[in-house]
Amino acid sequence: MPHAPQHYGGDSAGLICGYLLGGGAPPQEVDTAQAAEWLAAPVAGDERFVWLHFNLSHAQAVRWMERHAGLPEAFFDALKDRSVSTRIERDDDTLIAVLNDAHFDFAFEPSDIATLWTGVAPRLMVTGRTRALRSVDALRTAVRGGHAPRSSVALLAELMRTQASGLVDIVRGVTQRIDSVEDALLAGRLDHKRARLGVLRRLLVRLQRLLAPEPAALFRLLQHPPAWMRPDDVQELRDSTEEFSVVLRDMQGLQERIKLLQEEIAAAVQESNSRSLFVLTVVTVLALPINILAGLFGMNVGGVPLANDPRGFWIIVAVVLAFTAVAGWLALRSPRD
């Protein structure tokens, strides 16, 4: 089969990349015409399979898959429904996987998560997405560099491991951001750290909600795999899902840490507000005697005491100071935490 040039933007059928893999041979790039020809003429004893990665935003992508891929109706139903719940399930002899991954230009925003739809058969693995994803691009780079999984299930497991590695990088980035917020909190610089923590927590919650595989479907698949799947493929798929579980547990721990930091920041803010309110109360209490006396002696009526006494001003000052001292003592005498 001749070499086929690849264009990342996709060909006339929306194919981003295609590779013929397995059989102990190095990866070989194919286009949609070569893939259709190879799928239409199976050769007995040929253990190779083809991986086709499509841009689902292309109008012809789904039509080509319906015409040539031979995938079950459940796969196309998942594409039409745009179901985003992560799962790997079996439909007759085909595996249907819905995976969620970070965008290629991921910027730690909850919206930077998109879905990858996957169909896996003995001689074919099809992946489709609407936006560029990190794990698929990393897997594509590895295959182009000569990495050739032995089977389509092994390629799916490799995709999940690559995705788990990407999630580890995200967890590390979130951990560093949480560390910086914690350092700022210890240094007394609150600023807008609560808003930053809220964004990180929403990101982790969305990641955990979208990435956690449905346990029932995965359990049924691992207990009753298709007949064409080899035992080592089943074990490799099980290992890749366990790596996912480890990353998800790390995310759960980070969520608890963020929650504790948010509670500590809220307590610090409440304490600062209480301190400001106490100072305002003390100032108000201290100003109360002079306000009362100023109001009484400022009335424009006859009979104001000490009006003709040359020492009247100083007498009033002494009375105000005495009342202010008593008021201050009453305000400050009760112990505060």
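As a reminder, the structure under discussion sits directly above these lines.
Please read all numbers here as calculations on a predicted model, not as lab measurements.

Criteria and cut-off values
Residues numbered from 1 in each chain as written. Predicted model: local features only at pLDDT ≥ 70, side-chain atom pairs only at ≥ 80, totals over all residues. Heavy atoms only, no water. Helix = DSSP H or I, 4+ residues; strand = E, 2+ residues; numbered from the N terminus. Areas by Shrake-Rupley, 256 points an atom, 1.4 Å probe, with all protein chains shown as cover. Salt bridge = Lys/Arg side-chain N within 4 Å of Asp/Glu carboxyl O. Buried < 20%, exposed > 50% of the residue type's maximum accessible area, 1.4 Å probe, protein only. Contact = heavy atoms within 4.5 Å. Core = buried A, V, L, I, M, F, W, Y, C linked by side-chain atoms within 4.5 Å. Pairing = 2+ DSSP bridges. Axes fitted to C-alpha atoms, helices over the stretch in contact; angles between N-to-C directions. Parallel < 35°, antiparallel > 145°, perpendicular 65-115°, else oblique. Nonpolar A, V, L, I, M, F, W, Y, C, P; charged D, E, K, R; others polar. Left-handed = near helix turned anticlockwise from the far one by under 90°.

Participant: Explanation requested: the overall build of the protein in the structure shown.
Facilitator: Assigned secondary structure in the protein consists of nine helices and seven strands. Summed over all atoms, the accessible surface of the protein reaches about 17900 Å², with 56% contributed by carbon and sulfur.

Participant: Got a minute to help me understand the pattern of salt bridges in this structure?
Facilitator: On inspection of all chains with the given rule, the structure shows twelve salt bridges. Linking Arg-150 and Asp-233 is a salt bridge whose minimum nitrogen-to-oxygen distance equals 3.2 Å. Residue Arg-150 is found in the loop between helix 4 (134–144) and helix 5 (152–186), and its partner Asp-233 is found in helix 8 (residues 231–297); the two are separated by 83 residues along the sequence. A residue is classified by how much of its surface remains accessible, and Arg-150, at 37% relative accessible area, is partly exposed.

Participant: What is the right way to read the side chain of Gln-163 from this model?
Facilitator: In this structure, Gln-163 sits in helix 5. Looking at Gln-163, the relative accessible area reads 1%, which means it is buried. Beyond its immediate sequence surroundings of up to four residues, Gln-163 is in contact with Leu-99, Asn-100, Asp-101, Ser-135, Leu-211 and Phe-244.

Participant: Before we go on, may I ask you to explain the nonpolar core in this structure?
Facilitator: Grouped burial of nonpolar side chains is what soluble globular proteins tend to show. Trp-51, Leu-167, Val-174, Leu-207, Leu-237 and Met-251 are the most contacted members of the largest nonpolar core, which totals 54 residues. Among the elements that make up this core, the one with the highest residue count is helix 5 (13 residues). Counting residues in each nonpolar core, the second largest holds 27 residues, with Leu-15, Leu-39, Leu-56 and Met-65 among its members.

Participant: Explain the sheet that holds strand 5 (residues 94–102) here, please?
Facilitator: Strand pairing in a sheet takes place through backbone hydrogen bonds and is either antiparallel or parallel in direction. On the basis of which strands lie adjacent, the open sheet formed by seven strands has the order 2-1-3-7-6-5-4 and mixed pairing. The sheet is open, and its two borders are formed by strand 2 (28–29) and strand 4 (87–91), each paired with just one other strand. Of the strands in this sheet, strand 1 (15–21), strand 2, strand 3 (49–55) and strand 7 (124–129) touch helix 1 (residues 32–40), which is tilted by about 140 degrees from strand 3. Sitting on the sheet, helix 3 (residues 73–81) is in contact with strand 4, strand 5, strand 6 (113–121) and strand 7, with an inclination near 170 degrees to strand 6.

Participant: Would you explain the packing of helix 2 (residues 61–69) against helix 3 in this entry?
Facilitator: Think of two packed helices as two axes; the pair is described by the angle between the axes and how far apart they sit. Two elements in contact, helix 2 and helix 3, have axes whose closest approach is 11 Å; the angle formed by their N-to-C orientations is 170 degrees. One way to sum up the angle between helix 2 and helix 3 is to call them roughly antiparallel. Here Val-62, Met-65 and Glu-66 of helix 2 lie close against helix 3, whose contacting residues are Phe-75, Phe-76, Leu-79 and Lys-80. The residue makeup of the contact of helix 2 with helix 3, split by class, is five nonpolar, no polar and two charged.

Participant: What is the right way to read the packing of helix 5 against helix 8 from this model?
Facilitator: At a minimum axis distance of 9 Å, the contact between helix 5 and helix 8 shows a crossing angle of 15 degrees. For the element pair helix 5 / helix 8, the angle class is roughly parallel. As for the relative orientation of helix 5 and helix 8, their crossing is left-handed in sense. Per-class residue counts for the contact of helix 5 with helix 8 are 21 nonpolar, four polar and nine charged.

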